[in-house]
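Close look at the chain arrangement
Below, each chain spelled out in residue letters.
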Amino acid sequence: MKLILAIVNNDDSAIAAAALTEAGFFVTKLSTTGGFLMVGNTTLLIGTEDTGVEEAVKILKKHCTTRKQTNKPTATFGAGLQNFSIPKEVTVSGATVFVLNVDRMEKL
Ligand code: 2BA
């Protein structure tokens, strides 16, 4: 069994989660924040048999699009950091996907 962690854009998350669910996958949606832009994104947790991984990734690829996003300093990510040589615009991939082995999964 595998656990897929997919970090996706908030705007794509609902449609991606719905498409995964429709295809029979079990999905958990977590609200997360990217460490670089310090803006919200969504992490989807998908537990699946090994044979489901490629299909889940295909669904994510279909519904999650690459975007250009501007790196604006925020209250948290203070103005002092403007001096850092951080690019002003970055390309955020549709989904960043990690596939992990699962030793055990039970529903109690
Ligand atoms: P953020 O950390 O907010 O990063 C947004 C985008 O900023 C990244 O897009 C990348 O284009 C750029 N970026 C991030 N860190 C950078 C750095 N140290 N130097 C230069 N540019 C940098 P993506 O790579 O598509 O990542 C989108 C989101 O996925 C990230 O949001 C983060 O939440 C997550 N992510 C990506 N790679 C990860 C990794 N190896 N481990 C954990 N989370 C990751």
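So, here's what we can say about the structure.

Rules of the game
- Residues numbered from 1 in each chain as written.
- Predicted model: local features only at pLDDT ≥ 70, side-chain atom pairs only at ≥ 80, totals over all residues.
- Heavy atoms only, no water.
- Salt bridge = Lys/Arg side-chain N within 4 Å of Asp/Glu carboxyl O.
- Helix = DSSP H or I, 4+ residues; strand = E, 2+ residues; numbered from the N terminus.
- Buried < 20%, exposed > 50% of the residue type's maximum accessible area, 1.4 Å probe, protein only.

**Observations regarding the pattern of salt bridges**
- Tallied over the full model, the rule gives 2 salt bridges.
- Between Arg 67 and Asp 12 there is a salt bridge; the shortest N-O distance is 2.8 Å. With Arg 67 in strand E4 (residues 67-70) and Asp 12 in helix H1 (residues 10-22), this pair connects stretches of sequence that are 55 residues apart.
- Of the residues examined, Arg 67 reaches a relative accessible area of 23% and is grouped as partly exposed.
- A salt bridge links Glu 106 to Arg 104, with the nearest nitrogen and oxygen atoms 2.2 Å apart.
- On the basis of relative accessibility, which here comes to 44%, the residue Glu 106 falls in the partly exposed class.

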